[in-house]
Amino acid sequence: MVAASSLTQLYQEREAYRLPLYSTRQVAHLTGLSATTVQTWTRAEDALVQPASADGLSFLNLVEVHVLAAIRHQHGISLQRVRHAVQFVRQELQSENPLAQHQFETDGVDLFVRALEDDSMLINASRRGQLTIRELVEAYLRRIERAADGFPLRLFPVYGSTAGFVPEGLPSLIAVDPTVAFGRPVLTENYVPVDVVVGLYRAGDSVQVIAGEYGVTARAVEEAIRYELGAAA
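Rules used throughout
- Residues numbered from 1 in each chain as written.
- Predicted model: local features only at pLDDT ≥ 70, side-chain atom pairs only at ≥ 80, totals over all residues.
- Heavy atoms only, no water.
- Phe/Tyr/Trp six-rings, centres within 6.5 Å; stacked < 30°, edge-to-face > 60°.
- Helix = DSSP H or I, 4+ residues; strand = E, 2+ residues; numbered from the N terminus.
- Buried < 20%, exposed > 50% of the residue type's maximum accessible area, 1.4 Å probe, protein only.
- Pairing = 2+ DSSP bridges.
- Arc of directions from axis to C-beta.
- Contact = heavy atoms within 4.5 Å.
- Axes fitted to C-alpha atoms, helices over the stretch in contact; angles between N-to-C directions.
- Parallel < 35°, antiparallel > 145°, perpendicular 65-115°, else oblique.
- Nonpolar A, V, L, I, M, F, W, Y, C, P; charged D, E, K, R; others polar.
- Left-handed = near helix turned anticlockwise from the far one by under 90°.
- Core = buried A, V, L, I, M, F, W, Y, C linked by side-chain atoms within 4.5 Å.

Details of the packing of aromatic side chains
Turning to step 1, where the next piece is worked out: One pass over the full model with this rule turns up 3 aromatic pairs.
Turning to step 2, where the next piece is worked out: Relative to Phe 151, the ring of Tyr 17 lies with its centre 5.2 Å away and its plane at 90 degrees, an arrangement referred to as edge-to-face. A residue pair is termed long-range when its members are at least 10 positions apart, and Tyr 17 in the loop between α1 (4-13) and α2 (24-31) and Phe 151 in the loop between β1 (144-146) and β2 (152-155) qualify at 134 residues. Take Tyr 17 and Phe 151: they sit in the same class, and that class is buried.
Turning to step 3, where the next piece is worked out: The interplanar angle of 70 degrees and the centroid separation of 5.9 Å between the aromatic rings of Phe 104 and Phe 112 together place this pair among those described as edge-to-face.
Turning to step 4, where the next piece is worked out: Residue classification places Phe 104 among the buried residues on the basis of a relative accessible area of 0%.

With respect to unusual backbone geometry
Turning to step 1, where the next piece is worked out: Even without being a glycine, Phe 182 presents a positive backbone phi close to 55 degrees.
Turning to step 2, where the next piece is worked out: On the secondary structure map, Phe 182 appears in the loop between β3 (174-175) and β4 (186-187).
Turning to step 3, where the next piece is worked out: Classification of Phe 182 by relative accessible area gives exposed; the value is 72%.
Turning to step 4, where the next piece is worked out: The backbone of Tyr 191 shows a phi angle near 65 degrees, a positive value even though the residue is not glycine.
Turning to step 5, where the next piece is worked out: Along the polypeptide, Tyr 191 turns up in the loop between β4 and α8 (194-202).
Turning to step 6, where the next piece is worked out: Take Tyr 191: its relative accessible area is 40%, and that puts it in the partly exposed class.

Structural notes on the pairing of β2
Turning to step 1, where the next piece is worked out: As paired strands, β1 and β2 are joined by 3 bridges and run antiparallel to one another. Bridging from a neighbouring strand, Glu 145 pairs with Arg 154 of β2.
Turning to step 2, where the next piece is worked out: Hairpin geometry of β1 and β2 is characterised by an intervening segment of 5 residues between the two adjacent antiparallel strands and by a positive phi of about 95 degrees at Gly 150.

Structural notes on α2
Turning to step 1, where the next piece is worked out: Along α2, the residues that are buried comprise Thr 24, Val 27, Ala 28, Leu 30 and Thr 31. In an axial view of α2, the angular spread of the buried residues amounts to 165 degrees, which keeps them on one side of the axis.
Turning to step 2, where the next piece is worked out: Where the residues of α2 are buried, they touch α3 (35-43), α4 (59-72) and α10 (218-229).
Turning to step 3, where the next piece is worked out: Just past α2, the residue Gly 32 takes up positive phi, approximately 75 degrees.

Re the environment of Arg 143
Turning to step 1, where the next piece is worked out: In this structure, Arg 143 sits in the loop between α7 (133-141) and β1.
Turning to step 2, where the next piece is worked out: Accessibility expressed as a relative area gives 6% for Arg 143, which makes it buried.
Turning to step 3, where the next piece is worked out: For the pair Arg 143 and Pro 171, spaced 28 residues apart in sequence, the C-alpha to C-alpha distance is 9.9 Å.

Regarding the packing of α8 against α10
Turning to step 1, where the next piece is worked out: At their nearest, the axes of α8 and α10 sit 9 Å apart, and the two run at 90 degrees to each other. The angle between the axes of α8 and α10 places the two elements in the roughly perpendicular class. Contacts from Val 194, Val 197, Val 198, Tyr 201 and Arg 202 in α8 reach Val 221, Ala 224, Ile 225, Tyr 227, Glu 228 and Leu 229 in α10.
Turning to step 2, where the next piece is worked out: Considered class by class, the residues forming the contact of α8 with α10 number 9 nonpolar, no polar and 2 charged.

A short note on the packing of α8 against helix α9 (residues 207-214)
Turning to step 1, where the next piece is worked out: Interhelical geometry of α8 versus α9 gives an angle of 140 degrees and a closest axis separation of 10 Å. Taken as axis vectors, α8 and α9 run oblique relative to one another. For the pair α8 and α9, the crossing hand works out as right-handed. On α9, the residues that touch Val 196, Val 197, Leu 200 and Tyr 201 of α8 are Val 207, Ile 210, Glu 213 and Tyr 214.

Observations concerning the nonpolar core
A general feature of soluble globular proteins is that nonpolar side chains tend to end up buried together.
Turning to step 1, where the next piece is worked out: If you look at the biggest cluster of nonpolar residues, it comprises 63 residues, and the most contacted ones within it are Leu 68, Phe 104, Phe 112 and Val 137.
Turning to step 2, where the next piece is worked out: The element contributing the most residues to this core is α4, with 10 residues.
Turning to step 3, where the next piece is worked out: In contact with Phe 112, not counting residues within four places along its chain, are Leu 68, Ile 71, Ala 85, Val 86, Val 89, Leu 99 and Phe 104.

This is the structure in structure tokens:
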């Protein structure tokens with residue numbers, strides 16, 4: 001049994017994960033969604049994701065939007081149906097952040113898919129070669145690094161042309177951790193902020209020079225550029 005003092009310390013250490021660190025636009029960039037979509041999901045009266053505060057979104061909010069992004073790219077799913085599924089899971093799991101908690105990875109996914117699909121019909125059953133909601137959600141969940149008790153610690157964002165597909169081939173070279181660099185995306189190799197790397201690239205430094213200066217692989221630098229600049233890279 002964990003001592004009360006240890007639980008208090010653990011909660012305090014994780015307070016950073018609940019702070020409003022991100023704007024709507026930042027969450028949109030981190031999840032491959034439009035700012036309008038994130039705004040709709042987090043600012044409506046019956047929001048799909050309950051924002052940390054009026055000032056911004058927390059890391060836990062970011063994780064929830066990340067999970068919802070898995071279904072956003074599926075055609076034919078109405079916002080009303082998604083809202084119904086989220087509300088159902090929130091009620092069943094008794095949590096303010098149900099899509100971010102570890103329990104969602106087990107029975108929560110089943111609840112969510114069942115509520116979303118109503119009669120258990122797979123959304124894309126008639127669309128040859130496309131993915132089911134379950135496959136997408138589970139793939140996106142694998143991009144979340146969790147503590148032993150299931151608490152989300154780091155997110156490896158989905159970005160670029162892979163958004164909306166199972167991101168198995170997407171490297172985990174970029175991470176988001178609210179306890180590092182104030183929650184900015186960083187290179188997982190040495191926690192250098194992505195915007196710092198891209199700033200040097202924009203200033204004219206080559207990929208090789210930047211990699212040598214920070215002691216990272218050229219691939220990590222290239223991935224930072226690809227993440228920040230997208231198709232322009």
